[in-house]
Amino acid sequence: MTTLHDIAEQIAKCEKCPLHYSRKHPVPGEGSSNAKIMFIGEAPGYHEDRQGRPFVGASGRLLEELLNNVGIQRQDVFITNVVKCRPPGNRDPEPEEIAACRPYLEQQIDIIQPKLIVTLGRFSMQRYFPKASISRIHGQPKREGDRIYYPMFHPAAALHQPRWRTALEDDVRKIPELIAELESATADNSVDQDEDDQFEQLSFF
Ligand code: SF4
């Protein structure tokens, strides 16, 4: 069975798009393989490229601070990006680069099976909310089966625009409610399942 470590090793050797030419270190992502929450940003920046870790610069510190304010620790979540290597000069990732890197993200999601996927910024948002505008839909969760997709502003944008910072703070504050909602739905389903099992056992006799 493929593990997160296997995927990180594949990424370290990956030459599927031109971003491998300029990277110092690939940044596969990090966090718990049992994380209920997965954050997906855009691409590694300067500090991430130097350290091979996601969200370690100023925007990472802001994200961590806001999560800590609502009782969520960084080590309990999984954090990654839509592309795993830094675009030169921090330019936007190209559609072909996002497409080339997509299988790694798909595999990470398959392994972790997060209950809540939080998109940070428009590049990861577009994956689940095509053609949407981040300023319109941020903070509006979309539920699909047992999973919630939740778009938020990228912390880097929030560092530059005070009103987006307020929006980001408000949106982060809703995360514990979303997790509680998912947990209560899971608990209801398991009660229903128990009742079904009991009914089946009773009807057996
Ligand atoms: S960005 Fe993704 S697809 Fe491109 S070289 Fe890095 S790991 Fe490979």
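We now turn to the structure provided with this report. Fair warning: this is a prediction, and the values are worked out from it, not measured in the lab.

Overview of the overall build of the chain
Argument step 1. Each helix and strand counted, the chain has ten helices and six strands in total.
Argument step 2. Here the chain has a C-alpha radius of gyration of 19 Å; the compact-globule value for 205 residues is 17 Å, and the two agree.
Argument step 3. For the chain, the C-alpha atoms occupy an extent of roughly 70 × 40 × 30 Å along the three principal directions.
Argument step 4. Evaluated residue by residue, the chain yields a buried proportion of 35% over its 205 residues.
Argument step 5. When contacts within the chain are restricted to residue pairs at least 6 apart in sequence, long-range pairs at least 24 apart make up 73% of them.

Digging into unusual backbone geometry
Argument step 1. The phi dihedral of Phe55 is positive, around 50°, even though this residue is not glycine.
Argument step 2. Summarising the element assignment, Phe55 is placed in the loop between α3 (46-51) and α4 (58-69).
Argument step 3. Taking the C-beta count within 10 Å as the criterion, Phe55 has 27 such neighbours and is therefore assigned buried.
Argument step 4. The phi dihedral of Asn90 falls on the positive side, at around 60°, and the residue is not glycine.
Argument step 5. With respect to the helices and strands, Asn90 occurs in the loop between β3 (78-81) and α5 (95-112).

Structural notes on the site of the ligand
Argument step 1. Near the ligand there are 14 residues, and of these Cys14, Cys17, His20, Cys85 and Cys101 occur at the shortest range.
Argument step 2. Within the residue set of the shell around the ligand, elements represented by two or more residues are α2 (19-22) and α5.
Argument step 3. When residues in the shell around the ligand are grouped by element, the largest group, three residues, is from α5.
Argument step 4. Across the shell around the ligand, the residue classes break down as nine nonpolar, one polar and four charged.

Focus: the nonpolar core
Argument step 1. With 40 residues, the main nonpolar core has Met38, Phe39, Val82 and Val118 as its most contacted residues.
Argument step 2. Here the element with the most residues in this core is α5; it accounts for five residues.
Argument step 3. Not counting chain neighbours up to four residues away, the residues in contact with Phe39 comprise Val77, Ile79, Val118 and Leu120.

Topic: the pairing of strand β4 (residues 116-120)
Argument step 1. In terms of residue burial, β4 counts as a mostly covered element, since five of its five residues are buried.
Argument step 2. Every second residue of β4 is oriented toward a common face, with Leu116, Val118 and Leu120 on one face and Ile117 and Thr119 on the other, all of them buried.
Argument step 3. One ladder, built from four bridges, connects strand β2 (residues 37-41) with β4; its direction is parallel. Bridge pairing in β4 links Ile37 to Leu116.
Argument step 4. Bridge count for β4 against strand β6 (residues 147-152) is five bridges, and the pairing is parallel. When the bridges of β6 are listed, Leu120 appears paired with Met152.

Things to note about the packing of helix α1 (residues 4-13) against α5
Argument step 1. The contact between α1 and α5 brings their axes to 10 Å, and the two run at 170°. When the axes of α1 and α5 are compared, the pair comes out roughly antiparallel. Where α1 approaches α5, its residues Leu4, Ile7 and Ile11 are matched on the opposing element by Tyr104, Gln107, Gln108 and Ile111.

Thoughts on the sheet that holds β6
Argument step 1. On the basis of which strands lie adjacent, the open sheet formed by six strands has the order β1-β3-β2-β4-β6-β5 and mixed pairing. Of all the strands in the sheet, just β1 (30-31) and β5 (142-144) have a single pairing partner and so form its edges.

With respect to helix α9 (residues 162-173)
Argument step 1. Between its first and last C-alpha atoms α9 spans 17 Å; for twelve residues at 1.5 Å apiece the expected length is 16 Å, and the two agree.
Argument step 2. Taken as a whole, α9 has its buried residues at Trp164, Leu168, Asp171 and Val172. Buried residues of α9 fall within an arc of 100° about the axis and therefore sit on the same side. For α9, exposure combined with an orientation more than 90 degrees from the buried face picks out Pro162, Arg163, Thr166 and Asp170.

About the criteria used
- Residues numbered from 1 in each chain as written.
- Predicted model: local features only at pLDDT ≥ 70, side-chain atom pairs only at ≥ 80, totals over all residues.
- Helix = DSSP H or I, 4+ residues; strand = E, 2+ residues; numbered from the N terminus.
- Rg over C-alpha atoms; globule rule 2.2 N^0.38 Å.
- Buried ≥ 20, exposed ≤ 12 C-beta atoms within 10 Å, placed from the backbone.
- Contact = placed C-beta atoms within 7 Å.
- Near = placed C-beta within 6 Å.
- Nonpolar A, V, L, I, M, F, W, Y, C, P; charged D, E, K, R; others polar.
- Core = buried A, V, L, I, M, F, W, Y, C linked by C-beta atoms within 7 Å.
- Pairing = 2+ DSSP bridges.
- Axes fitted to C-alpha atoms, helices over the stretch in contact; angles between N-to-C directions.
- Parallel < 35°, antiparallel > 145°, perpendicular 65-115°, else oblique.
- Expected span 1.5 Å × (residues − 1).
- Arc of directions from axis to C-beta.

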